[in-house]
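Summary of structural features
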Amino acid sequence: MKTIAVIGGGITGVTTAYALAKRGFAVTLFEKHRYAAMETSFANGGQLSASNAEVWNHRSTIVKGLKWMLKNDAPLLVNPKPSWHKLSWFAEFIGSIPNYDKNTVETARLAIAAREHLFAWADEEGIDFDLKKKGILHIYRDKAGFEHAGKVSRLLAEGGLPRRSVTPEEMRDIEPTLAGKYYGGYFTECDSTGDIHKFTNGLAAAIDRLGVRCLYGEDVKAVASDGKRASVTLGSSAGDEVLQFDGLVVCAGTASRDLAAQLGDRVNIYPVKGYSITVNLNDELSRVSAPTVSLLDDETKLVTSRLGDDRFRVAGTAEFNGYNRDIRADRIRPLVEWVNQCFPGVNTRSVVPWAGLRPMLPNMMPKVGRGKSPCVFYNTGHGHLGWTLSSVTADMIGDVVGQALGGTTAPVASAQAVCA
């Protein structure tokens, strides 16, 4: 039985470990926290959203970013302090603008395939994660935003995703609790929402049952490969411990860049901070005033999810500020104000703020495939769609590892070069 190390215990690492264990590999999962899903997979927006597959590599993003640079509460905020990492990332981001159409179509196609994998795994393992299959409603306050959404819809349709335009009256029928005036919207009935933290921990329990060795609270100090074997060095007060494996899969989120450099690979991930609030719906008025249909407000770049009866999640924004994990009040305040404006009946007295670092590659596509070493692999860099894409990229890397090292392979959606 071939031995595989998976580094990272977030949604990507846990789904990867599951896919590899199902293929008959002896898997060891390394996670620095005491539990799974304690960083970017802790409190995201909750959307399983093929309809949010549009990549950000568009000229309008550059224009908006420059306009918002000096606004602390802007949806997109860039710390103007230069660094080589940031400059190289943005240069590659701009260089990927010509691939906007192709990458948006491919992301939509992957998201649709991922949905079936995730639902099947949840059913097989009996995972309760507050799943709601009520669709996602994109809302627009002006004609320009609505017309751009129409262009995006045509790309999504190329990827196999149906979504339809809706009038303000139809929007109120879909989600009666939404307040305000709108030009129109787009509704994707086949999208859904759920609690990423609950799902990841449910699947972590499943991989434990499958025999995966889960090493939580372990600090991976170094990784290496001689082309035949891969090694993971753990640091502790008692000294370093080196473990050997037949293969290694890097699923370490924003830490993947440094690990890849140790392995001779360049994976130019930048940590893009996103914020969320979880509104506790502690009274009956709040519970009936909060939406049950998931929303995406393209103007403010905010998404929502109803998690069970008594929680309402609002998340979004993008902050380019290095590896800073601070939860800033001036970034949380717009989320609370948005709830007050759009759902005035919801009491925002009890709000839990959170921030996480999305691992983003400049072309907005995940890195799924081999490294330079024959026994090194990557499944990382999913950006704002890690929850949405995780199950299909896990299956993809499972087949790549299986073909390279031996094991059971299964048909998957794609492993095209666009993701490699």
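See the structure printed just above.
In what follows, the accompanying structure is described.

Cut-off values and rules
- Residues numbered from 1 in each chain as written.
- Predicted model: local features only at pLDDT ≥ 70, side-chain atom pairs only at ≥ 80, totals over all residues.
- Heavy atoms only, no water.
- Helix = DSSP H or I, 4+ residues; strand = E, 2+ residues; numbered from the N terminus.
- Buried < 20%, exposed > 50% of the residue type's maximum accessible area, 1.4 Å probe, protein only.
- Core = buried A, V, L, I, M, F, W, Y, C linked by side-chain atoms within 4.5 Å.
- Contact = heavy atoms within 4.5 Å.
- Pairing = 2+ DSSP bridges.
- Axes fitted to C-alpha atoms, helices over the stretch in contact; angles between N-to-C directions.

Turning to unusual backbone geometry, a few remarks are in order. Peptide bonds are, in most cases, trans, and in most cases residues other than glycine have a negative phi. With a phi angle near 60°, aspartate 130 is a residue other than glycine that sits in the positive phi range. Residue placement: aspartate 130 occurs in the loop between helix 4 (100–125) and strand 5 (136–140). Here lysine 301, not a glycine, exhibits a phi torsion of approximately 60°, which is positive. When you line up the elements, lysine 301 lands in the loop between strand 15 (294–297) and strand 16 (302–307). Exposure remark for lysine 301: the relative accessible area of 35% places this residue in the partly exposed category.

Turning our attention to the nonpolar core. Within the largest apolar cluster, 70 residues are counted, with the highest numbers of intra-cluster contacts made by Phe199, Val249 and Val401. When residues no more than four places from it in sequence are discounted, the contact partners of valine 401 are Ile4, Leu20, Phe25, Val249, Phe377 and Gly406.

What follows is about the sheet that holds strand 9 (residues 213–216). Paired through their backbone hydrogen bonds, the strands of a sheet run either parallel or antiparallel. As summarised here, the arrangement of the six strands in space is 9-2-1-13-20-19, forming an open sheet in which the pairing is mixed. Looking at strand neighbours, the two that pair on one side only are strand 9 and strand 19 (367–370), the edges of this open sheet. In this sheet, adjacent strand axes meet at a mean angle of 15° when their direction is disregarded. Bridging between strand 1 (residues 3–7) and strand 13 (residues 247–250) involves four bridges; their strand directions are parallel. By the bridge assignment for strand 13, valine 6 is matched with valine 249. Docked against the sheet, helix 11 (residues 386–405) engages strand 1, strand 13, strand 19 and strand 20 (376–380), running at close to 175° with respect to strand 20.

Side-chain positions along a regular strand alternate between the two faces of the sheet. Along strand 5, five of the five residues are buried, which leaves the element largely enclosed by surrounding structure. The side-chain alternation of strand 5 yields two buried faces, one formed by Ile136, His138 and Tyr140 and the other by Leu137 and Ile139. Looking at chain direction, strand 5 and strand 7 (residues 184–188) are connected through five bridges and run antiparallel. When the sheet's bridge partners are listed, leucine 137 is paired in strand 7 with phenylalanine 187. Sheet topology note: the strand 5/strand 15 ladder contains four bridges and is parallel. For isoleucine 136, the partnering residue across the bridge sits in strand 15 and is serine 294.

Topologically, aspartate 330 is positioned in helix 10 (residues 329–342). Setting aside residues no more than four positions away along its own chain, aspartate 330 makes contact with Asn72 and Asp73.

The subject of this paragraph is the sheet that holds strand 12 (residues 241–245). The sheet built from three strands is open, its strands ordered 10-11-12 with antiparallel pairing. Looking at the sheet topology across the chains shown, the edges are occupied by strand 10 (219–225) and strand 12. The average angle at which neighbouring strand axes cross in this sheet is 25°, direction not considered. As paired strands, strand 11 (residues 230–235) and strand 12 are joined by five bridges and run antiparallel to one another. Counted as the bridge partner of leucine 234 is glutamate 241 from strand 12.

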